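# Reading the structure
Now for the letters of each chain:
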Amino acid sequence: MIDPLFWLGLSLLLVAASLTAVLVAAIPALQELARAARSAEKLFDTLSRELPPTLISIRKTGMEITDLTDDVSEGVQSAGKVVKQVDQSLDSARKQAKNVQISTRSLVVGVKTAWKSFTRPKPARRVERLPIHEKPPLTLREREIKKGVGSRE
């Protein structure tokens, strides 16, 4: 067979060729990796410069929204109070209108009654006098006492 030294040399040659092929294939990948690392570094620099002011701005915006929400809810509560006051005023006006209506009706009825009273003809007055020896008729109470029915004691 062939000399072992030949096989060793051939093996070393194949290993060297393989390593060269791997390095040739790895160089573009490593270049892309370096380019991605530079891009990521630029991104992180930009984020470290831009992110804190943005976060502060977002925080301020949140506080402004909270203030506006408080103002709106105060306005709604104030409007609710105004609506209640208007409702109470309307109820009071209804009651007063009802009282005025009742008073007006009473006044009209009083005026009509007074007018009828003043315009009707007055009856002639007759005075009946009892003779001195006649007694006036007994009242209901006197009749009951006389019969004995009225005593309840």
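Just above sits the structure.
Attention in this report is confined to the structure presented alongside it.

Reading guide: rules and limits
- Residues numbered from 1 in each chain as written.
- Predicted model: local features only at pLDDT ≥ 70, side-chain atom pairs only at ≥ 80, totals over all residues.
- Heavy atoms only, no water.
- Helix = DSSP H or I, 4+ residues; strand = E, 2+ residues; numbered from the N terminus.
- Buried < 20%, exposed > 50% of the residue type's maximum accessible area, 1.4 Å probe, protein only.
- Areas by Shrake-Rupley, 256 points an atom, 1.4 Å probe, with all protein chains shown as cover.
- Phe/Tyr/Trp six-rings, centres within 6.5 Å; stacked < 30°, edge-to-face > 60°.
- Patch = residues over 30% accessible without salt bridge, like charges linked within 9 Å, V, L, I, M, F, W, Y side chains within 5 Å.
- Salt bridge = Lys/Arg side-chain N within 4 Å of Asp/Glu carboxyl O.
- Lys, Arg positive; Asp, Glu negative; His and termini not counted.
- Charge placed at Lys NZ, Arg CZ, Asp CG, Glu CD.
- Expected span 1.5 Å × (residues − 1).
- Bend = angle between axes of the 7 residues up to and from the residue.

A separate point is the overall build of the chain. Each helix and strand counted, the chain has two helices and zero strands in total. Evaluated residue by residue, the chain yields a buried proportion of 1% over its 153 residues. Per element, the accessible surface of the chain, about 15,000 Å² overall, is 64% carbon and sulfur.

This paragraph deals with the packing of aromatic side chains. Using the criterion set out here, one finds one aromatic pair in the structure. When the centroid spacing of 5.7 Å and the interplanar angle of 65 degrees are considered together, the rings of F6 and W7 count as edge-to-face. Note on F6: relative accessible area 44%, which makes it partly exposed.

A separate point is a nonpolar patch on the surface. Residues L43, F44, L47, L51, L55 and I58 make up a contiguous nonpolar surface patch of roughly 570 Å² in combined accessible area. Residue position: L55 is located in helix 1 (residues 4-119).

Time to look at a negative patch on the surface. Where like charges cluster on the molecular surface, the negative patch consists of E64, D67, D70, D71 and E74. You can see E74 is positioned in helix 1.

Right, let's get into helix 1. Along its 116 residues, helix 1 runs 159 Å from first to last C-alpha, staying within 8% of the 172 Å computed at 1.5 Å per residue. Largest kink in helix 1: about 35 degrees, centred on E50, with the proline P52 one to four residues after it.

Attention now moves to the pattern of salt bridges. Scanning the entire structure with this criterion turns up two salt bridges. The residue R35 makes a salt bridge to E32 at a minimum N-O spacing of 2.5 Å. Of the two residues, R35 and E32 both sit in helix 1, three residues apart, roughly one turn of that helix. Assessed through its relative accessible area of 45%, R35 is described here as partly exposed. Measuring nitrogen to oxygen at the nearest pair gives 3.0 Å for the salt bridge that ties R94 to D91.

In short, shape yes, function no, at least from these values alone.
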